[in-house]
Amino acid sequence: MATATATTFIYKGTDKKGNKVQGEIQGTSAALIKAQLLRQGIRASGVKKKPKPLFGAVKKPIKPMDIAVFTRQMATMMKAGVPLVQSFDIVAEGVENPSLAELVTTIRNDVAAGSGFAPSLRKHPKYFDDLFCNLVESGEQSGALETMLDRIATYKEKTETLKAKIKKAMTYPVAVIVVAIVVTGILLVKVVPQFAETFSSFGADLPAFTLFVLGLSESVQEYWLIILVAIIGAFLLFKEAKQRSKSFSRQIDKWSLKIPIVGDILYQSTMARFGRTLSTTFAAGVPLIDALTSVAGATGNAIYHEAVLKIREDVSTGIQLNHALRSSGLFPTLLIQMTAIGEESGALDDMLDKVASFYEEAVDNLVDSLTSLLEPMIMAVLGVLVGGLMIAMYLPIFQLGSVV
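The structure displayed is predicted, hence computed values, not measured ones.

Along the protein, the regular secondary structure elements total 15 helices and 3 strands. Radius of gyration (C-alpha) of the protein: 31 Å, far over the 22 Å computed for a compact globule of 404 residues. Projected onto the principal axes, the alpha-carbon positions of the protein cover approximately 95 × 80 × 35 Å. Residues counted as buried form 37% of the 404 residues belonging to the protein. Counting every atom, the protein has about 23500 Å² of accessible surface; 61% of that belongs to carbon and sulfur. In the protein, which carries 41 positive and 37 negative side-chain charges, the distance between the mean positions of the two groups comes to 11 Å.

What follows is the structure, given as structure tokens:
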């Protein structure tokens, strides 16, 4: 027999002292809700289902950092000796994101029903990738799930912190360009036309620079919608081509590594992800061949994705990892030497962890340098744009003054 689903009801009524009360309560029917309220000393005058929003409830998205926090909390609970199912309950009650609480509860119910932790996670590939699930499965099989969750939490935290730094580095230049375009557009559409009306009464030839700006202003006023659609269309076309065409995506990734400063940041972050992912998977007992498959997907760059897969093939034939890295010609000497030391000493995971920390710090320093460099550049770019337009508008006035 199917169990009735609980629904949220809104009630109004009076308590034992005659005071008016109202609120929300979960139940399966209005009659049962009234009986429940009566047992609590509340005489309900009205009970009705809570209306749903017109366009449906807007759920707060679950971000990768939310998953990192969830993993850290689960690791902490299990290290403290709290049973797995009870750990889910405690974490679900403590999270502020309702969507994450719902996800945790769903996983908890699957685990409580007899499903393993890893199989329950695999039902949600949007939030838990193959690497995450494989590591959890390895922890379950080895009986060291709490240790594995701790490693995964550290990996996720470091990875998301690195992504945030890269996003910061990429967002700043884009923000400068957008601000420059918006300011220029406002001046051309709103300010320049006011000067054009004044110049029409001069009855004298205008400077070439002024004529150029006036022509540009007229074009923007007439074709602004076409220009806007073209910019948005170009952006969407670029995004779609990058997703659908592997060759185009590969070329973009290749060119991005050659951009001054930004390319260096992307390169250092790729090395950091390589070291962090391989260190985590290898320390978890994952065979090196399988670990390299996970590393290839985590590099974030098509060039290095192909390189890691080639390294995986070389290692599978018996070549040492450090020799395979060196033969690719894409990895720095520091990483290769640390890998060689790790292989000789039997502490590859520790050496790679140190490499990852080194490159993560390097990315942090490069992002700070980029920020410091861009601040004066922003002022210079905006100064040239705004100052150039103002000079173009005031040149005729200056010439008229010199004639008088």
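Now, onward.
This part covers the sheet that holds strand β2 (residues 20–27). In spatial order, the strands read β2-β1-β3; together these 3 strands make up an open sheet with antiparallel pairing. Each end of this open sheet is capped by a strand with a single partner; those strands are β2 and β3 (43–49). Strand-to-strand twist in this sheet, taken as the mean axis angle between neighbours without regard to direction, amounts to 25 degrees.

This paragraph deals with the packing of aromatic side chains. Under the criterion given, the structure shown has 9 aromatic pairs. Ring geometry for Phe70 and Phe88: centres 6.4 Å apart, planes at 20 degrees, overall stacked. Highlighted residues: Phe70 in helix α2 (residues 64–79) and Phe88 in helix α3 (residues 84–94), separated in sequence by 18 residues. Residue Phe88 is classed as buried on the basis of its relative accessible area, which comes to 0%. Among the aromatic residues, ring-to-ring pairing joins Phe70, Phe88, Phe117, Phe128 and Phe132 into one connected group.

Mapping Ser87 onto the fold places it in helix α3. Residue classification places Ser87 among the buried positions, given a relative accessible area of 0%. Residues in contact with Ser87, not counting those within four places in the same chain, are Met74, Met77, Met78 and Val82.

The next thing to look at is the pairing of strand β1 (residues 7–14). In terms of strand pairing, β1 meets β2 through 8 bridges, oriented antiparallel. Bridge pairing links Thr7 to Gly27 in β2. Counting the residues between successive antiparallel strands, the hairpin from β1 to β2 contains 5 residues, one of them, Gly18, with a positive phi of roughly 90 degrees. The pairing of β1 with β3 spans 6 bridges and is classified as antiparallel.

What counts, and where the lines are drawn
- Residues numbered from 1 in each chain as written.
- Predicted model: local features only at pLDDT ≥ 70, side-chain atom pairs only at ≥ 80, totals over all residues.
- Heavy atoms only, no water.
- Helix = DSSP H or I, 4+ residues; strand = E, 2+ residues; numbered from the N terminus.
- Rg over C-alpha atoms; globule rule 2.2 N^0.38 Å.
- Buried < 20%, exposed > 50% of the residue type's maximum accessible area, 1.4 Å probe, protein only.
- Areas by Shrake-Rupley, 256 points an atom, 1.4 Å probe, with all protein chains shown as cover.
- Lys, Arg positive; Asp, Glu negative; His and termini not counted.
- Charge placed at Lys NZ, Arg CZ, Asp CG, Glu CD.
- Pairing = 2+ DSSP bridges.
- Axes fitted to C-alpha atoms, helices over the stretch in contact; angles between N-to-C directions.
- Phe/Tyr/Trp six-rings, centres within 6.5 Å; stacked < 30°, edge-to-face > 60°.
- Contact = heavy atoms within 4.5 Å.

Functional significance is not addressed by these values, which are geometric in nature.
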